[in-house]
Amino acid sequence: MKIKIRVLSPVHIGSGEEISPLEYFIKDGKFYRVNIDSLFTSIEFKPRMEEFIEKAKGERKISEILPLSILEKHILYSINISPLNSQFNQIQVKEYIKSAGRVYIPGSSIKGSILSGVLENVLSKKKILKLDNFDDLLGMTLSEIKKEDKFNTGKFLRWLDVRDSNFKKPDESLDLSQIKVVGAARGGLLLILYETLKKDTEFETEIISHSKFSEEEILKFADQFYRKVYQKEKEFAKGKNVILPEIPSNSYLLRIGQGSTAWSTSFFILAEELGIKNYDIKRPKNQKIKGPPRTRKLLSGTISMGWIVITKIEIT
């Protein structure tokens, strides 16, 4: 099934890397990432290299060490700064995942999002008394949806393939966004800079079901789950200056990447449906959180992150 993905609100899928203020500068409302390799091999930089290395130890901005006339010759890419973020301190920027410098949505991110919906759909029909072992719950779900054939058995069930999306240039698909973590335990607002997918950016990919359900049925399961998540977020937004995106008709709703909240990535909704009380989410290092999510990652403290919709591409 060929599908189109449309971004409804800022999406960040991290590369695991951060971009230091020594690797970018801001000019005329745009973020410019410097090609450090190109810079360090350039003739005009060599006389300044020792001075640069010494000053860089103080974590200064690159534009305070080198003139823009040099930096502008070594641009890796540039992206717009979100109109809601006209002013901010230059800090580390969480990098969006790329391949050969191009932006895409990994198939694994879509597949993981869909899996949350499939788990909720299958397990809500079962009389489960507790939710404490993810591997057991996953195994139970996959045993319910697998095809009865010799190619679809064993521990590592191949139930769904989602291919990585097509690629886009950072300049045309990314914004620099200031994200505020609202409700952090330390109080106040925690500010983070992210590279995020622009609203209305579109990608294409395809999904292939190896389960007893069709691709459309699987997407329907996911859509039903994320509309429940959407309702939870609407309840949170009441009386607050929080904006949720409008959901287009005739589309499947998903939520991916940073900002998805524990409603999307845990069994909280399932626990409510099954009447399971005192449900704890187990995290690494034996950490637990109780109850629904208390924090939200919001663009400029107002716009909910991570929402996308999927539509089927009709083949003619």
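Anything mentioned here points back to the structure above.
Everything numeric here is computed off the predicted structure, so don't read it as measured data.

This part is about the sheet that holds strand β12 (residues 202-209). The strand order across the open sheet formed by 5 strands is β9-β12-β1-β18-β13, and the pairing between neighbours is antiparallel. Sheet topology places β9 (160-162) and β13 (252-255) at the edges, where each strand pairs with a single neighbour. Taken pair by pair, the neighbouring strands of this sheet meet at an average axis angle of 30°, ignoring direction. Bridging between strand β1 (residues 2-7) and strand β18 (residues 307-312) involves 5 bridges; their strand directions are antiparallel. Note that in β18 the partner of Ile-3 across the bridge is Lys-312. Sheet strands in contact with helix α4 (residues 107-123) are β1, β9, β13 and β18, and its direction is about 140° off that of β9.

What follows is about helix α7 (residues 215-237). With 23 residues, α7 ought to run about 33 Å at 1.5 Å a step, and its terminal C-alpha atoms sit 32 Å apart, in line with that. Note on α7: the residue one or two positions beyond its end, Gly-239, has a positive phi of about 75°.

Counted according to the given criterion, the structure contains 23 salt bridges. Across the salt bridge formed by Lys-4 and Glu-202, the nearest N and O atoms sit 3.7 Å from each other. A residue pair is termed long-range when its members are at least 10 positions apart, and Lys-4 in strand β1 and Glu-202 in strand β12 qualify at 198 residues. A relative accessible area of 35% places Glu-202 in the partly exposed class.

The subject of this paragraph is the nonpolar core. Of all hydrophobic cores here, the largest spans 66 residues; its most connected members are Phe-31, Ile-105, Ile-110, Ile-114, Leu-131, Trp-159 and Leu-197. Per-element tally for this core: the top contributor is α7, with 8 residues. Beyond its immediate chain neighbours, meaning those up to four positions away, Ile-114 contacts Trp-159, Leu-160, Ile-218, Leu-219, Ala-222 and Leu-254. Counting residues in hydrophobic clusters, the runner-up holds 13 residues, among them Phe-25, Leu-39, Ile-62 and Ile-70.

Our next topic: unusual backbone geometry. Positive phi outside glycine occurs at Ala-100, with the angle close to 50°. With respect to the secondary-structure elements, Ala-100 resides in the loop between β7 (98-99) and β8 (102-103). With a relative accessible area of 82%, Ala-100 lands in the exposed category. Here the phi dihedral of Asn-250 falls at roughly 55°; this positive angle occurs in a residue that is not glycine. Note that Asn-250 resides in the loop between α7 and β13.

Turning next to the environment of Arg-227. In this structure, Arg-227 sits in helix α7. For Arg-227, a relative accessible area of 31% puts it in the partly exposed group. Separated by 220 residues in sequence, Arg-227 and Val-7 have C-alpha atoms that sit 16 Å apart. Filtering out sequence-adjacent residues up to four positions away, Arg-227 remains in contact with Ile-247, Ser-251 and Leu-253.

A few words on the pairing of β12. Where β1 meets β12, 5 bridges bridge the pair, whose relative direction is antiparallel. Residue pairing across strands places Ile-3 opposite Thr-205, the latter belonging to β12. Alignment of β9 against β12, held across 3 bridges, turns out to be antiparallel. Looking at β12, one finds that Asp-161 is bridged to Ile-208.

On to the packing of α4 against α7, then. Two quantities define a packed helix pair, namely the angle between the helix axes and the distance between the axes. At a minimum axis separation of 8 Å, α4 and α7 run at an interaxial angle of 85°. If you check the angle between α4 and α7, you find them roughly perpendicular. The residues of α7 that touch α4, namely those facing Ser-113, Ile-114, Ser-116, Gly-117, Val-118, Glu-120 and Asn-121, are Ile-218, Leu-219, Phe-221, Ala-222, Gln-224, Phe-225, Tyr-226 and Lys-228. In terms of residue class, the contact of α4 with α7 is made up of 8 nonpolar, 5 polar and 2 charged.

Calculation rules
Residues numbered from 1 in each chain as written. Predicted model: local features only at pLDDT ≥ 70, side-chain atom pairs only at ≥ 80, totals over all residues. Heavy atoms only, no water. Pairing = 2+ DSSP bridges. Helix = DSSP H or I, 4+ residues; strand = E, 2+ residues; numbered from the N terminus. Axes fitted to C-alpha atoms, helices over the stretch in contact; angles between N-to-C directions. Contact = heavy atoms within 4.5 Å. Expected span 1.5 Å × (residues − 1). Salt bridge = Lys/Arg side-chain N within 4 Å of Asp/Glu carboxyl O. Buried < 20%, exposed > 50% of the residue type's maximum accessible area, 1.4 Å probe, protein only. Core = buried A, V, L, I, M, F, W, Y, C linked by side-chain atoms within 4.5 Å. Parallel < 35°, antiparallel > 145°, perpendicular 65-115°, else oblique. Nonpolar A, V, L, I, M, F, W, Y, C, P; charged D, E, K, R; others polar.

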